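Next come the chains, spelled out residue by residue.
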Amino acid sequence: MSTARTGTALAVGSMLSVQVGLAASVDVFDRVGPLGAAWLRLAWAGVILLVVVRPRLRDFDRRTLLACTVLGVVTASMTILFMEAVARIPLGTASACEFLGPLGVAAARSGDRRLLAWPALAAVGVVLLTEPWHGRVNLTGVLLALGAACCWAAYILLTQHVGDEVTGIGGLAVSLPVAGLVGTAVAGPATLPHLDGQVLLIGLGLAVLLPVVPFSLEMLALRRLTTAAFGTLMSLEPAIALVVGLVLLGQVPGPWPVLGIAFVVAAGVGAQRTGARRRAAIGEVPAGSRAERGGRPRSARLAPPREPWTSGTR
């Protein structure tokens, strides 16, 4: 399988996990609210990765550790802002606003102007999918959704940077605990009185679906795809949301969302075919990094060298 196809499969798997996790969160939303559910997922995800990965801070130089910390703050902010937006405006409107983040990255990072056709096509598809013209628009809700969009754009760029600097998902094992701490500071005090053993266990299961699995897959995908291609592929998420909603929640889409699916699928296919990164990311030791100075785990230092990647488009 080519580099681009592997990255695309990882990105699609991430989006599928996100939507299944959101569909499974409906009961928790009713008990602790969307913000409380988001905090539970972030907090449990941080605990899971700390226990499973057990990152060692001495394996990170200061710049990489700072990047992981900022990524954690951005991750928490993205989640919290979006949940607050959904509490004020329709989900379709909030989604349409939030997807301006990855689409903006796709447009800004496209080196070839011809490649701008894919994010433009995806943008049209997202609007058709989410139908933001329905309902009244709350200005505060729109601003919160646009804040989430900015955070999502920063999340994509930071995730690729951290993924290139740190082997495996070690960077995620630092950023998600930070996100959990930020979520605890913002939503913990209001949510704690409503918690019981059942809600905590459900939150643990949801944390695996969202964010542990999808964020890990996204980090691996961004080692294989350009940020422009990844940003365009993220526009497939509303289409996946419609399919998950149809299968799991019985929500039947109208004609405009179905047309939107066709647009974003076409954009996703185009991004996949032209989106492979042209230089190695996995197995490559970034110049000046701690890993280059011997800071990698012993197993990584003993691994055989890998050939640099070439573009998977030809």
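Summarised in this report is the structure supplied together with it. (Residues numbered from 1 in each chain as written. Predicted model: local features only at pLDDT ≥ 70, side-chain atom pairs only at ≥ 80, totals over all residues. Heavy atoms only, no water.)

When its secondary structure is counted, the protein shows 14 helices and zero strands. Element order for the protein, N to C, with α for helix and β for strand: α-α-α-α-α-α-α-α-α-α-α-α-α-α. In the protein, which comprises 314 residues, the proportion classed as buried is 49%. Across the protein, contacts joining residues at least 24 apart in sequence account for 89% of those joining residues at least 6 apart. Here the protein displays about 14,700 Å² of accessible surface, and carbon together with sulfur accounts for 65% of that area. (Helix = DSSP H or I, 4+ residues; strand = E, 2+ residues; numbered from the N terminus. Buried < 20%, exposed > 50% of the residue type's maximum accessible area, 1.4 Å probe, protein only. Contact = heavy atoms within 4.5 Å. Areas by Shrake-Rupley, 256 points an atom, 1.4 Å probe, with all protein chains shown as cover.)

Looking now at the nonpolar core. Grouped together as the largest cluster of nonpolar side chains are 48 residues, with contacts concentrated most on Trp152, Tyr155, Ile156, Val162, Leu176 and Phe230. No other element matches helix H7 (residues 139-165), which puts seven residues into this core. Filtering out sequence-adjacent residues up to four positions away, Ile156 remains in contact with Pro102, Val105, Leu222, Thr227, Phe230 and Gly231. In terms of nonpolar packing, the next biggest core, distinct from the first, is built from nine residues, Phe82, Ala94, Val142 and Ala148 among them. (Core = buried A, V, L, I, M, F, W, Y, C linked by side-chain atoms within 4.5 Å.)

A cluster of nonpolar side chains, Val26, Val243, Leu246, Val247, Leu248, Leu249 and Val252, forms an exposed patch at the surface whose accessible area comes to about 650 Å². Counting residues per element, the nonpolar patch draws most heavily on helix H11 (residues 237-249), which supplies five residues. For Leu248, the position within the fold is in helix H11. Judged by relative accessible area, Leu248 falls into the exposed class, the value being 51%. (Patch = residues over 30% accessible without salt bridge, like charges linked within 9 Å, V, L, I, M, F, W, Y side chains within 5 Å. Salt bridge = Lys/Arg side-chain N within 4 Å of Asp/Glu carboxyl O.)

Right, let's talk about the side chain of Glu98 for a bit. Here Glu98 shows up in helix H4 (residues 91-98). Although Glu98 is buried, it makes no salt bridge; Arg41 carries the closest opposite charge, 9.8 Å away. Other than its neighbours up to four places away in sequence, Glu98 contacts Met78, Phe82, Ala145, Ala148, Ala149 and Trp152. (Lys, Arg positive; Asp, Glu negative; His and termini not counted.)

A separate point is unusual backbone geometry. That bond from Leu210 to Pro211 is cis: its omega, 25 degrees, falls within 30 degrees of zero. Positioned with a positive phi, Arg54 is a non-glycine residue whose angle comes to about 50 degrees. Assignment of secondary structure puts Arg54 in the loop between helix H2 (26-53) and helix H3 (62-86). With a relative accessible area of 64%, Arg54 lands in the exposed category.

Residue placement: Arg224 occurs in the loop between helix H9 (197-221) and helix H10 (227-233). As a buried residue without a salt bridge, Arg224 has its nearest oppositely charged side chain in Asp164, at a separation of 9.0 Å.

Note that side chains of opposite charge can pair when their charged atoms are close. Applying the stated criterion to the full structure yields four salt bridges. For Arg56, the salt bridge is made with Asp59, and the minimal N-O distance between the two is 3.1 Å. Here Arg56 falls in the partly exposed class, since its relative accessible area comes to 35%. Residue Asp59 is classed as partly exposed on the basis of its relative accessible area, which comes to 22%. Among the salt bridges present, the one from Arg88 reaches Glu84, with a minimum N-O distance of 2.8 Å.

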